[in-house]
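Results of the structural survey
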Amino acid sequence: APHIVWLRRDLRLADQPALYAAAQEGPVICVYVLDDEGAGNRAMGGAARWWLHHSLQAMDRELGKHRGKLILRRGDAADEIAKLAEETGAAAVHAIRHYEPWWRKAQGRLADRLDLRLYDGNYLLPPGTVTTGSGDPYKIYTPFAKSARQCMPQREVLDAPSLTNPDEWPDSGDLDDWNLLPTKPDWAAGFRDAWEVGESAALAQLDDFADRVKDYEDDRNRPSIDGSSRLSPHLHHGEISPMQVWDQLTRHTGEGAETFRGELLWRDYTQNVICQFPAYPSESYRDLGGEKLWRNPNRSHLIAEELEAWQQGRTGYPIVDAGMRQLWQIGWMHNRVRMIAASFLIKHLLIDWRHGEQWYWDCLVDADYGNNGVNWQWVAGTGVDSNMFPRIMAPLSQSEKFDAGDYIRQFVPELAELSDDQIHDPDDKHRPGDYPAKIIGHREARERALSAYREAKGE
Ligand code: FAD
């Protein structure tokens, strides 16, 4: 009897423990179920759907090298997998464990109906297993990471298994019918130029980055250069495992590699947070005064316009606008600029972080339930760690400090001709007519945010 491998955000052959285990047992049927419309499921954003389309094609190509193929189904995941198991007389279903609340539910429902075998494989350490002396999961990153480092490496990286195919293939849906790609307007031209999707591309990207990791410590903060790995969409969709990344970089000992490992652990950490607080991406953990603090775009068209100016990269702050336009053009934004742009929305515009979280969710090819939600709450100061709200980032000096001139020239072409002196904060004489004036002055915004914060707290 065949064994089913239920694929989700783990679209790879190498270091895929569910696929590896199934392949030892008999013929394998790999299936992906598009299930983003069920109650309680968070529908994937547009940019992530674009990525998924190409990632599924790539997975099918990889399986094709073994004369296999990827089966596609659509509907409630647990129901569809159960149906497929019945149709094919499958002996068992194998899957990597996922921790988004809707996947945990689907896993539970399926386990009640058939032989579901779950494996750890998408995190360095299974979420929930790194615990304090008293056996509780960590809430804060630093002690979590310290303790996690001591447990690494947790297991060996697995090779891609050799696969045998079933005598007969079950029916499969047609990827083109899923409408994962944009039609009109086609906003994905920049995505196609920026990315190669799939497992082979992810491995090539890792090799390329291994040569650059020694400079990561400084370079990662400079948006004008390609200083980070750009592995995030590959990691999110599971085209490469974090163990493969960790393993490759154990050969590098410098400060760059050390810092980089810390970033990979951030990814593990955010899963630990959403395991403890499943609604984290939509509910403030710490109440900073709720409705009293935020200016609500649903109540005033002026505030709605400010939110839109932020989304479209027309705030008059070059670094923020460059970031928001990079996001729109290629579905990804540099980490430092993600922070600056998030802080700007929350503090300069005093708009509830959840509006920003949702926008990133829709626009990022790496949109991730844990990473996005946890980072937004971290910037807002509403999260489980220390309250960052009163620490207001100054976008203009950040832009100078991290040398963002060429980054701005690339993504805000109206400013391309400005000198290094002017580009971060053009004065009225140098600001081109088609570039907006600042939506609010920095000092004014800072004072407004801090006094609203004190007032909301009742001070
Ligand atoms: P690198 O610097 O090369 O880091 C390597 C990997 O480590 C990344 O690919 C990522 O998987 C992980 N990582 C790095 N930084 C973080 C972090 N702060 N938190 C969690 N994991 C991290 N990352 C996402 O993958 N998805 C998101 O939806 C997301 N939303 C974010 C929202 C905000 C407001 C902020 C400030 C950050 C967000 N990040 C998110 C984290 C980070 O910005 C990206 O992971 C990083 O920019 C991706 O680029 P890279 O692969 O070149 O990163």
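Just so it is clear, the model here is predicted, and its values are computed rather than measured.

Quick notes on the rules
- Residues numbered from 1 in each chain as written.
- Predicted model: local features only at pLDDT ≥ 70, side-chain atom pairs only at ≥ 80, totals over all residues.
- Heavy atoms only, no water.
- Helix = DSSP H or I, 4+ residues; strand = E, 2+ residues; numbered from the N terminus.
- Buried < 20%, exposed > 50% of the residue type's maximum accessible area, 1.4 Å probe, protein only.
- Contact = heavy atoms within 4.5 Å.
- Areas by Shrake-Rupley, 256 points an atom, 1.4 Å probe, with all protein chains shown as cover.
- Lys, Arg positive; Asp, Glu negative; His and termini not counted.
- Charge placed at Lys NZ, Arg CZ, Asp CG, Glu CD.
- Near = heavy atom within 4 Å.
- Polar contact = N/O pair within 3.5 Å; in protein donor to acceptor, adjacent residues only side chain to side chain.
- 1 Å grid on protein atoms, 1.4 Å probe; cavity = no way out; pocket = protein on both sides within 12 Å on 5 of 7 lines; lining within 4 Å.
- Sits in = over half its atoms within 2 Å of the grid points.
- Nonpolar A, V, L, I, M, F, W, Y, C, P; charged D, E, K, R; others polar.
- Points joined across faces, edges and corners; volume = space filled by probe spheres on them.
- Domains from an automatic or database assignment.
- Buried area = accessible area lost by both parts, 1.4 Å probe.
- Salt bridge = Lys/Arg side-chain N within 4 Å of Asp/Glu carboxyl O.
- Pairing = 2+ DSSP bridges.
- Axes fitted to C-alpha atoms, helices over the stretch in contact; angles between N-to-C directions.

**Overview of the overall build of the protein chain**
A count of helices and strands for the protein chain gives 20 helices and five strands. Seen through its C-alpha atoms, the protein chain measures out along the principal axes to roughly 75 × 50 × 50 Å. A total of 459 residues make up the protein chain; the buried ones form 57% of that total. When contacts within the protein chain are restricted to residue pairs at least 6 apart in sequence, those whose partners lie at least 24 apart make up 78%. Element-wise, carbon and sulfur atoms account for 45% of the exposed surface of the protein chain, whose accessible area totals about 19800 Å². In the protein chain, 53 positive and 72 negative side-chain charges are present, and the distance between their average locations comes to 4 Å.

**Regarding the site of the ligand**
Taken together, 27 residues lie around the ligand, and Y216, S228, S229, R230 and N335 are the ones closest in. In the environment of the ligand, an oxygen atom lies 3.0 Å from a nitrogen or oxygen atom belonging to the backbone of L231. The contact in question runs from an oxygen atom of the ligand to an N or O atom on the backbone of S232, over 3.0 Å. The cavity where the ligand resides is the largest pocket. Of all the elements in the fold, those that place two or more residues in the shell around the ligand are α9 (232-236), α11 (255-276), α14 (335-348) and α16 (369-380). Element by element, the count of residues in the shell around the ligand is highest for α11, at five residues. Of the residues that constitute the shell around the ligand, the class distribution is 14 nonpolar, seven polar and six charged.

**Some points on the environment of R446**
For R446, the location among the structural elements is in helix α20 (residues 442-457). Given the relative accessible area of 35%, R446 is considered partly exposed. R446 sits 52 residues away from A394 along the chain, and the two C-alpha atoms are 8.9 Å apart.

**Section: the environment of D219**
Looking at where D219 falls in the secondary structure, it is placed in helix α8 (residues 216-219). By relative accessible area, D219 is classed as partly exposed at 22%. Once the C-alpha coordinates of D219 and F402 are considered, the two residues, 183 residues apart in sequence, prove to be 9.3 Å apart. In contact with D219, not counting residues within four places along its chain, are I225 and G227.

**Quick notes on the layout of surface pockets**
Empty space within the largest pocket amounts to approximately 960 Å³. Taken together, 36 residues form the lining of the largest pocket, with E263, N335, R338, N371 and N375 sitting closest to its centre. Looking at the lining of the largest pocket, the elements that each hand over two or more residues are α9, α11, α14 and α16. A per-class count over the lining of the largest pocket returns 17 nonpolar, 11 polar and eight charged. For the lining of the largest pocket, the two domains that each supply at least three residues are domain 2 (123-153 + 198-276) and domain 3 (290-454).

**Details of empty space enclosed by the protein**
In this approach the atoms are scanned with a rolling probe the size of a water molecule, which exposes any empty space left behind. Scanning the entire structure with this criterion turns up two cavities of 30 Å³ or more. The space that makes up the largest cavity amounts to roughly 240 Å³. Of all the secondary structure elements, the ones that give two or more residues to the lining of the largest cavity are β2 (28-34) and α4 (101-113). Among the elements that take part in the lining of the largest cavity, β2 stands out by supplying three residues, more than any other.

**Quick look at the domain arrangement of the protein chain**
Interfaces are often sized by the amount of accessible area the parts lose when they come together. You can read the domains of the protein chain as domain 1 (1-120), domain 2 (123-153 + 198-276) and domain 3 (290-454). Using C-alpha coordinates to define each centre, domain 2 is positioned 26 Å away from domain 3. For the pair domain 2 and domain 3, the summed buried surface comes to about 2000 Å²; carbon and sulfur atoms form 58% of the total. Taken together, the links from domain 2 to domain 3 amount to one salt bridge. Between D403 and R222 there is a salt bridge; the shortest N-O distance is 3.6 Å.

**A short note on the sheet that holds strand β1 (residues 3-7)**
One open sheet accounts for five strands, arranged β3-β2-β1-β4-β5; its pairing is parallel. Edge positions in the sheet fall to β3 (70-74) and β5 (116-119), since each has one partner strand and no second. In this sheet, adjacent strand axes meet at a mean angle of 30 degrees when their direction is disregarded. As paired strands, β1 and strand β4 (residues 92-96) are joined by four bridges and run parallel to one another. By the bridge assignment for β4, I4 is matched with V93.

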